[in-house]
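# What the coordinates show
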Amino acid sequence: MTPEGFLRLVNDITIWKKGSQRAPHKPLLLLLMLGRSVHGAARLITFSEAETRFGELWRRFGPPRRGLVQYPFQYLVHDGIWEIPRASELPSWGTGYLRLTDLRKHDAEGGFTGEVSELLESDPELALRAAGLLLAKHFPISLHDEILEAVGLSYAWLVPGSPAVREPGKKQRMVIYRRPRRLVFRKEVLEAYDERCAICDFDLRINDELLGLEAAHIQWHSHKGPDDVFNGLALCLLHHRALDRGAVGLEVKGTGYRVLVSGQVRGSNPSESLLSDFSGQLIRPPRSRLHVPRRTYVDWHRAQVFRN
Ligand SMILES: [Zn+2]
C-alpha cells in the first residue's frame, strides 16, 4: 500500500445511509486512531478504551442520538484498513456480526492493519492528511480545529520545522474538498441579512471591514447542504459555532423562525445570556422573501445537529 492508496481508502470508506441522517461513526473512530498513531500509541485499541473515547467524541461531535462504537469497530474491516486480529475467538464470529456483549466480555482489540500502521509511522504527516479528508467530508469547517484538538492532532504540525514533520522544508498542504463551493455564498448571505447576525444583530467592523460575521450553512455543506442563500444565515462567530455544535436550533414560527436553545447549555452570566436571551425570539428575516431559509434545511439541522 502507498500513502496515496491509504488516503484513497480513507476517502472511500462506506458510510451507513438512511435518508439524510448523519452517521459519523467511522470518521470519528478513524480520527481517534489517527491521533493515537501520531502520539505513538499501540497499534490496537481495546474495545473498552474505544467505547470510552468514542463515546466522548460522539457526545461532542456526533448527532443528537446514541452512537455505538461496535459498528465502526467491526465494519471498518470491510474498508481494507482495519482489523480485529483475534475476532475468530469471539463466539459471534462467523455470523457476520460481532455482538456487543462478546466485544465487551472479551475486550476485543482492533486497529489499523500492520501495513497501514507502518505507513503512518514512517510519515506522521500522513495521519494529518487523512484526518483532513475525514473532516472535509463529514464536518463543517467551524468544527475542524476543535475535533483535531479532541483527538490530539493539529494542522500546525504541517508547518515546516515543527517536530511532527520529519521531512524538513515541506509546505503546508491544502486539504482537497470533494464538493466544489460557490464562492459567492458568503457574500450573498451576508448581504441578504444586511451584514448583521440573524440572531443578535452583531455588526462590528474595523476600518469598514466586517469583524467576526460569517455565512453559516444550516444543513451542513458536508452533508449535501447547498451553497444557496436559503440554506444560509449570517451569524456572528459565537452564534455560528453554537449552531454547528447544536447549542442553538431553529423552529418555524409564523412565516419565520424562532431560536431554540439547547437545555444542555450551561454557563455563568453574562455568558449564558449570550444564548438564553434569544431563546424563543424570532431570527432576523432576510431582506427578500426569496431568501428565507427553507424548511427542509432547518428540519435537517434540528434532527441531526440540535441537542434537544
Ligand atoms: Zn450573534
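Remember, predicted model here, so these are calculated numbers, not experimental data.

Around the zinc ion, the protein supplies Cys197 (SG), Cys200 (SG), Cys236 (SG) and His239 (ND1) as donor atoms, at distances of 2.0 to 2.3 Å. The sequence pattern formed by the donor residues of the zinc ion is C-x2-C-x35-C-x2-H. Placement of the pair is Cys200 in the loop between α9 (185-192) and β4 (205-206) and His239 in helix α10 (residues 237-244), with a sequence separation of 39 residues. Owing to a relative accessible area of 26%, Cys200 belongs among the partly exposed residues under this scheme. Owing to a relative accessible area of 3%, His239 belongs among the buried residues under this scheme.

In this section: the pairing of strand β6 (residues 213-217). The buried fraction of β6 is high, at four of five residues. Where β6 lies against strand β7 (residues 232-236), five bridges are found, and the strand directions are antiparallel. Bridging across to β7, Ala215 finds its partner in Ala234.

It is at 10 Å that the axes of helix α2 (residues 25-38) and helix α3 (residues 47-61) come closest, and there the two elements cross at 120°. The orientation of α2 with respect to α3, classified from their angle, is oblique. Note on packing geometry: the crossing formed by α2 with α3 is right-handed. In this structure, α2 contributes His25, Leu28, Leu29, Leu32 and Arg36 to the contact, and α3 contributes Glu49, Arg53, Phe54, Leu57, Trp58 and Phe61.

Counted under the stated rule, the structure contains 19 salt bridges. The closest approach of N and O atoms between Glu51 and Arg104, which form a salt bridge, is 2.8 Å. In this pair, Glu51 sits in helix α3 while Arg104 sits in helix α5 (residues 100-105), placing the two residues 53 residues apart along the sequence. Residue Arg104 is classed as partly exposed on the basis of its relative accessible area, which comes to 45%.

Right, let's talk about the packing of aromatic side chains for a bit. Here the distance between the centres and the angle between the planes together describe a pair of aromatic rings. For the structure on display, the rule yields seven aromatic pairs. Ring geometry for Phe47 and Phe73: centres 5.0 Å apart, planes at 85°, overall edge-to-face. Note that Phe47 is positioned in helix α3 and Phe73 in helix α4 (residues 70-75), a separation of 26 residues in sequence. Comparing Phe47 with Phe73, the two get one shared label, buried. With centroids separated by 5.9 Å and ring planes inclined at 65°, the aromatic side chains of Trp220 and Trp300 adopt a geometry described as edge-to-face. Separated by 80 residues along the polypeptide, Trp220 in the loop between β6 and β7 and Trp300 in helix α12 (residues 295-304) bring together distant segments of the chain. One exposure class covers both Trp220 and Trp300, and it is buried. A network of ring pairs unites the aromatic residues Phe6, Phe47, Phe73, Trp82 and Phe112 as a single cluster. A cation over a ring is seen here: Arg294 above Phe230, with NZ or CZ 3.6 Å from the ring centre.

Turning to helix α8 (residues 141-151), its buried residues number three or more, namely Ser142, Leu143, His144, Glu146, Ile147, Leu148 and Val151. Packing partners of the buried residues in α8 comprise α2, α3, α7 (124-138) and α10. Just downstream of α8, Gly152 is the residue with a positive phi angle, here 85°.

What follows covers the domain arrangement of the chain. The domain boundaries assigned to the chain delineate domain 1 (3-158) and domain 2 (185-304). In this assembly, 16 residues from domain 1 lie in contact with 11 residues from domain 2. For the pair domain 1 and domain 2, the two sides together bury roughly 1,200 Å², of which 50% comes from carbon and sulfur. Put simply, domain 1 and domain 2 have two salt bridges between them. Residue Arg241 pairs with Glu146 through a salt bridge whose shortest N-O separation is 2.8 Å. At the junction of domain 1 and domain 2, the tally comes to seven residue pairs in polar contact (both at pLDDT 80 or more). Elements represented by at least two residues in the side of domain 1 that touches domain 2 include exactly α3, α7 and α8. A per-class count over the side of domain 1 that touches domain 2 returns seven nonpolar, four polar and five charged.

How two helices pack is summed up by the angle between their axes together with the distance between the axes. Where helix α6 (residues 114-122) contacts α7, the axes come no closer than 4 Å and their chain directions differ by 110°. In terms of orientation, α6 and α7 fall into the roughly perpendicular class. Residue-level contacts link Leu119, Leu120, Glu121 and Ser122 of α6 to Pro124, Leu126 and Ala127 of α7. Class assignment for the residues of the contact of α6 with α7 results in five nonpolar, one polar and one charged.

Reading the values: the criteria
Residues numbered from 1 in each chain as written. Predicted model: local features only at pLDDT ≥ 70, side-chain atom pairs only at ≥ 80, totals over all residues. Heavy atoms only, no water. Donors = N, O, S within 2.8 Å, 3.2 Å for Na, K, Ca; no water. Helix = DSSP H or I, 4+ residues; strand = E, 2+ residues; numbered from the N terminus. Buried < 20%, exposed > 50% of the residue type's maximum accessible area, 1.4 Å probe, protein only. Pairing = 2+ DSSP bridges. Axes fitted to C-alpha atoms, helices over the stretch in contact; angles between N-to-C directions. Parallel < 35°, antiparallel > 145°, perpendicular 65-115°, else oblique. Left-handed = near helix turned anticlockwise from the far one by under 90°. Contact = heavy atoms within 4.5 Å. Salt bridge = Lys/Arg side-chain N within 4 Å of Asp/Glu carboxyl O. Phe/Tyr/Trp six-rings, centres within 6.5 Å; stacked < 30°, edge-to-face > 60°. Lys NZ or Arg CZ within 6 Å of the ring centre and 35° of its normal. Domains from an automatic or database assignment. Buried area = accessible area lost by both parts, 1.4 Å probe. Polar contact = N/O pair within 3.5 Å; in protein donor to acceptor, adjacent residues only side chain to side chain. Nonpolar A, V, L, I, M, F, W, Y, C, P; charged D, E, K, R; others polar.

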